[in-house]
Amino acid sequence: MNTPAAAARTAPAATVARFDMYVSIHKALRHFMTDTLHRVGRLDVTDADEVTRVLGQVDTLLTLCLDHVHNENRFVHTAIEARQPGSAARTAEDHVEHLESIDVLRHETRALAGAPAAERNALALRLYRHLALFVADNFQHMHFEETHNNAALWAAYSDEELLGIHRSILAALPLEETLLVSRWMIPASNPAERAAIVGGMKAGAPAPVFAQVVDAFRPHLDETAWDKLARAIGVAQQPGLVDVR
Ligand SMILES: [Fe+2]
């Protein structure tokens, strides 16, 4: 297990800025994972609507994690192994464990959904603890990818090539997943990152698709964050309006 002290000892004091294909999607996943974990921890198991809503969020999170593993295997690990054979082995092994964890968590989610009232508290606590282990495991894993795997990618590829790989990943995402990722990624990003990501979408996506993306994340930004973003990318600042000025 990595720790902040160990990471601080091995981190370079300063790095040349390179294209980092992990940073934004991992901010989205950290945000989605922690929000979901909190919701399971405070779940009122006597409230049927809340149980349905929160277990639905768990299911959506697990599906996104599954797709994320497949996308990294298909695009990122393939790229690393093509030029740095063996360098993706550790995270590829982690991914196998993640798929097993996702299966277990899905089983526990279904068990809670179908449990009689007297058993729900115990099953909710089990799901909370095991989801917490999954989140902890993923946080360790994502840090390794952002350091070790990025070092392998940066040694073997130019930023232009890495941008090409990243574009291939984005092009493979169904719209529904792009909207879901935007909902968690944009609020989790800093203003400069938001402007780059959303500005890129505004330039590259058809207007109706861009409007759907904005609708997905807009309710989750506060007014200050939205004003900064709207100014940076040149859209109307009134809530709900995304007309290009
Ligand atoms: Fe991964």
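The rules behind each value
Residues numbered from 1 in each chain as written. Predicted model: local features only at pLDDT ≥ 70, side-chain atom pairs only at ≥ 80, totals over all residues. Heavy atoms only, no water. Donors = N, O, S within 2.8 Å, 3.2 Å for Na, K, Ca; no water. Tetrahedral: all angles 85-135°; square planar, octahedral: opposite > 155°, others 65-115°. Helix = DSSP H or I, 4+ residues; strand = E, 2+ residues; numbered from the N terminus. Buried < 20%, exposed > 50% of the residue type's maximum accessible area, 1.4 Å probe, protein only. Phe/Tyr/Trp six-rings, centres within 6.5 Å; stacked < 30°, edge-to-face > 60°. Lys NZ or Arg CZ within 6 Å of the ring centre and 35° of its normal. Axes fitted to C-alpha atoms, helices over the stretch in contact; angles between N-to-C directions. Parallel < 35°, antiparallel > 145°, perpendicular 65-115°, else oblique. Contact = heavy atoms within 4.5 Å. Nonpolar A, V, L, I, M, F, W, Y, C, P; charged D, E, K, R; others polar. Domains from an automatic or database assignment. Buried area = accessible area lost by both parts, 1.4 Å probe. Salt bridge = Lys/Arg side-chain N within 4 Å of Asp/Glu carboxyl O. Polar contact = N/O pair within 3.5 Å; in protein donor to acceptor, adjacent residues only side chain to side chain.

> Just give me the short version of the coordination of the iron ion, but keep the residues and values in it.
Looking at the iron ion, one finds its protein donor set to be E72 (OE), H95 (NE2), H141 (NE2) and E145 (OE), positioned 1.9 to 2.3 Å from the metal centre. Taken together, the four donor atoms surrounding the iron ion define angles of 79 to 163 degrees at the centre, an arrangement classified as irregular. Counting along the primary sequence, the residues that act as donors to the iron ion give the motif E-x22-H-x45-H-x3-E. Of the two residues, H95 sits in helix α4 (residues 89-113) while H141 sits in helix α5 (residues 117-156), which places them 46 residues apart along the sequence. Each of the two residues, H95 as well as H141, counts as buried.

> Outline the packing of aromatic side chains, supporting the account with residue identities and numerical values.
Tallying each qualifying case throughout the model produces two aromatic pairs. Ring geometry for F32 and W184: centres 4.4 Å apart, planes at 15 degrees, overall stacked. Pair noted here: F32 is in helix α2 (residues 23-41) and W184 is in helix α7 (residues 175-188), with a separation of 152 residues, a long-range link. By relative accessible area, which is 4% here, W184 ends up buried. Against the face of F139 rests R30, its NZ or CZ located 5.9 Å from the ring centre. Its end group placed over the ring of W184, R183 keeps NZ or CZ at 3.5 Å from the ring centre.

> A description of the packing of helix α3 (residues 48-83) against α7 should follow, citing residues and the corresponding values.
Contact pair α3 / α7: the axes reach a minimum separation of 12 Å and the direction vectors enclose 110 degrees. Our classification of the angle between α3 and α7 gives roughly perpendicular. Contacts between α3 and α7 involve Q57, T60, L64, D67 and N71 from the former and E177, L180, V181 and W184 from the latter. Grouping the amino acids of the contact of α3 with α7 by side-chain chemistry returns four nonpolar, three polar and two charged.

> Residues and numbers for the domain arrangement of the protein, please.
Under the domain assignment, the protein is made up of domain 1 (18-172) and domain 2 (174-245). Placing a centre on the C-alpha atoms of domain 1 and another on those of domain 2 gives a separation of 23 Å. Taken together, the 14 residues of domain 1 in the interface contact 13 residues of domain 2. Both faces considered, domain 1 and domain 2 share a buried interface measuring about 1,100 Å² in area, 66% of it formed by carbon and sulfur atoms. Per-residue buried area on domain 1 facing domain 2 is highest for S24, K27 and H31; these three make up 40% of the total on that side. Our count for the contact surface shared by domain 1 and domain 2 stands at one salt bridge. Between E193 and K27 there is a salt bridge, and its shortest N-O distance comes to 2.9 Å. Taken together, the connections running from domain 1 to domain 2 amount to two residue pairs in polar contact (both at pLDDT 80 or more).

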